[in-house]
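Summary of structural features
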Amino acid sequence: MDVAEVAGHIWAKGWGERNGGNITLNVTEFATPDWATMPALAPRVELGMTLPYLRGMYFYCKGTQMRMRDLARDPMANGAVIRICEDCAGYEMIADKPVMPTSELPSHLMVQNYLIESGSRYKATLHTHPIELVAMSHNPRFLDSEVMTRTLWSMIPETLAFAPLGIGVVPYQVPGSMELAKATLEKIHDYDVTMWEKHGVFAVGQDIMDAFDQVDVLNKAANIYMCAHNMGFEPTGMTDQAMKDVQNIFHLPKQRPC
Ligand SMILES: [Zn+2]
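These notes cover the structure that comes with them. (Residues numbered from 1 in each chain as written. Predicted model: local features only at pLDDT ≥ 70, side-chain atom pairs only at ≥ 80, totals over all residues. Heavy atoms only, no water.)

Considering the state of the cysteines
Applying the stated rule across the entire model yields zero disulfides. Unpaired in this structure, C61 has its nearest cysteine sulfur neighbour in C85, at a distance of 13 Å. (Disulfide = S-S within 2.5 Å.)

In structure tokens form, the structure reads like this:
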């Protein structure tokens, strides 16, 4: 299961201290008809909103208070499959155990609802705490999505190639709040990866490996930026023309590709 592999990478990279970070996957494509009638393992939980595109859908969600390093060993003991109720305003846990989903569920499900609404085939949402990217978000200069994106893209050509939509900055909001979910959703319209100021990133992907890879290449660029600063200079960065050439030669998408 990719989710276990990615959770292991997140732990190894130091991005998932204690219970930090969360993963949600749309697993509806794997559902068999009996999933619809499986008994709920615990009373229904209200979402606090209505998400009309999620009717009858199934999601694997990392459990609240669960550790990425434990999820890497056993995803089903540290997360659960939830079924969205017919009224799209609540959910039930159906497998394997009644593990309460992540406190960031509002962001995850609001974004999953948007992905379906917009016709995207993306299935994964990821929140994690990549060290260098979070450090950059403490500088007001990088709280501008364009400045942050341009700086990271200009470090090495591969950043642009493998994170072609860049990174959108979401101003600080209380973790787990509806305000954070709404601000994230707004940025997800244009970006696959968003930076939660002084907190972490929230990314979407075709699958969980895709979401992780995009965060990984952006964080690598942030690391190069910091290494240059540690050597005592502001990195020159690739020129605008050099970056445009990469975009054109590799026909990089400027919008979510699917
Ligand atoms: Zn977090």
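Once the structure has been displayed, the description carries forward.
As for the sheet that holds strand β5 (residues 90-95)
Taken together, nine strands build an open sheet; the order of strands is β2-β5-β4-β3-β1-β6-β9-β8-β7 and the sheet is mixed. At either end of the open sheet lies a strand with only one pairing partner, and these are β2 (45-46) and β7 (167-170). Alignment of β2 against β5, held across two bridges, turns out to be antiparallel. By the bridge assignment, V45 is partnered in β5 with Y91. Strand contacts of helix α3 (residues 105-117): β1 (22-26), β3 (58-62), β4 (79-84), β5, β6 (124-128), β8 (193-196) and β9 (200-205), with the helix running at about 30 degrees to β1, the strand carrying the most contacts. (Pairing = 2+ DSSP bridges. Helix = DSSP H or I, 4+ residues; strand = E, 2+ residues; numbered from the N terminus. Contact = heavy atoms within 4.5 Å. Axes fitted to C-alpha atoms, helices over the stretch in contact; angles between N-to-C directions.)

Side note on the side chain of Q112
Position of Q112 relative to the elements: it lies in helix α3. Looking at Q112, the relative accessible area reads 0%, which means it is buried. Of the polar contacts made by the side chain of Q112, one reaches the backbone oxygen of K123; its length is 3.3 Å. Contact partners of Q112, with chain neighbours within four places excluded, come to T24, L25, N26, L54, F59, K123, A124 and T125. (Buried < 20%, exposed > 50% of the residue type's maximum accessible area, 1.4 Å probe, protein only. Polar contact = N/O pair within 3.5 Å; in protein donor to acceptor, adjacent residues only side chain to side chain.)

Digging into the coordination of the zinc ion
The zinc ion binds to the protein through H127 (NE2), H129 (NE2) and H199 (NE2), with metal-donor distances spanning 2.1 to 2.2 Å. Between the donor residues of the zinc ion, the gaps in sequence give the motif H-x1-H-x69-H. You can call H129 buried: its relative accessible area is 17%. (Donors = N, O, S within 2.8 Å, 3.2 Å for Na, K, Ca; no water.)

Here's the deal with a negative patch on the surface
Negative charge collects at one region of the surface, where D2, E5, D207 and D213 lie side by side. Along the chain, D207 falls in the loop between β9 and α8 (208-230). (Patch = residues over 30% accessible without salt bridge, like charges linked within 9 Å, V, L, I, M, F, W, Y side chains within 5 Å. Areas by Shrake-Rupley, 256 points an atom, 1.4 Å probe, with all protein chains shown as cover. Salt bridge = Lys/Arg side-chain N within 4 Å of Asp/Glu carboxyl O. Lys, Arg positive; Asp, Glu negative; His and termini not counted. Charge placed at Lys NZ, Arg CZ, Asp CG, Glu CD.)

Focus on the nonpolar core
Nonpolar side chains in soluble globular proteins generally cluster together in the buried interior. Ranked by size, the top nonpolar core spans 43 residues in total, and within it L133, M148 and L152 carry the most contacts. When residues of this core are assigned to their parent elements, the largest contribution, 10 residues, is made by α8. (Core = buried A, V, L, I, M, F, W, Y, C linked by side-chain atoms within 4.5 Å.)

Thoughts on the pattern of salt bridges
For the structure on display, the rule yields 10 salt bridges. The salt bridge involving R44 is made with E46; its shortest N-O contact spans 2.8 Å. On the accessibility criterion, E46 (51% relative accessible area) is exposed. Taking the shortest distance from any N to any O, the salt bridge between D240 and R150 comes out at 2.5 Å. Here D240 is found in helix α9 (residues 240-249), whereas its partner R150 is found in helix α5 (residues 145-153), with 90 residues between them in sequence. Overall, R150 belongs to the partly exposed group, its relative accessible area being 42%.

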